[in-house]
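As a plain string of letters, each chain reads:
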Amino acid sequence: GLVKLVEGGTSLLPSVQVLSTKGHTPGHQCVRIESRGQVAYYVGDVLHTVPQVTWPEFSPIFDCCRWTPDEAKQMQRPPLAQDASAKQRKALLQRIYEDHAVILSPH
């Protein structure tokens, strides 16, 4: 009962939502937080470096969408489209822009 696994599209609280952002890894998720009219996104590994905000198509080797099908199989992960992480970054950055939100990034 201490841990609840969730998939993207889940509201943990009215002001906290988990979003699916597959691309860096098949199960990657981000968190949207809203409080007092302000919004922030905890982006996890969707963004690794500041230049990816301007060039979201830059996908480092750490994005598993760059793995070959054999590498994905070895890592026991489903293969992803080569542009999966870039598409997720672009879509998320658009949401952040539309929400006039702050980016919270661990990198």
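Residues numbered from 1 in each chain as written. Predicted model: local features only at pLDDT ≥ 70, side-chain atom pairs only at ≥ 80, totals over all residues. Heavy atoms only, no water.

Asker: Which residues make up the side chain of Thr 21, and what values go with them?
Answerer: Tracing the chain through its elements places Thr 21 in the loop between strand S2 (16-20) and strand S3 (29-35). By relative accessible area, Thr 21 is classed as buried at 3%. Within polar-contact distance, the side chain of Thr 21 engages the side chain of His 28 at 2.7 Å. Once residues within four sequence positions are removed from consideration, Thr 21 is found in contact with His 28, Gln 29, Cys 30, Val 46 and Gln 88. (Helix = DSSP H or I, 4+ residues; strand = E, 2+ residues; numbered from the N terminus. Buried < 20%, exposed > 50% of the residue type's maximum accessible area, 1.4 Å probe, protein only. Polar contact = N/O pair within 3.5 Å; in protein donor to acceptor, adjacent residues only side chain to side chain. Contact = heavy atoms within 4.5 Å.)

Asker: Got a sec to walk through the pattern of salt bridges? Specific residues and values, please.
Answerer: Taken as a whole and judged by the stated rule, the model has three salt bridges. Across the salt bridge formed by Arg 32 and Glu 34, the nearest N and O atoms sit 3.0 Å from each other. Measuring nitrogen to oxygen at the nearest pair gives 3.0 Å for the salt bridge that ties Arg 32 to Asp 99. Of the two residues, Arg 32 is situated in strand S3 and Asp 99 in the loop between helix H3 (84-98) and strand S5 (102-104); the sequence distance between them amounts to 67 residues. Judged by relative accessible area, which is 11%, Arg 32 ranks as buried. Through salt bridges with shared partners, a single ionic network connects Arg 32, Glu 34 and Asp 99. (Salt bridge = Lys/Arg side-chain N within 4 Å of Asp/Glu carboxyl O.)

Asker: Describe a nonpolar patch on the surface, with residues and values.
Answerer: A surface patch of nonpolar side chains, amounting to about 310 Å² of accessible area, comprises Ile 33, Tyr 42, Val 102 and Leu 104. Considering the arrangement of structural elements, one finds Ile 33 in strand S3. Using a relative accessible area of 32% as the deciding quantity, one classes Ile 33 as partly exposed. (Patch = residues over 30% accessible without salt bridge, like charges linked within 9 Å, V, L, I, M, F, W, Y side chains within 5 Å. Areas by Shrake-Rupley, 256 points an atom, 1.4 Å probe, with all protein chains shown as cover.)

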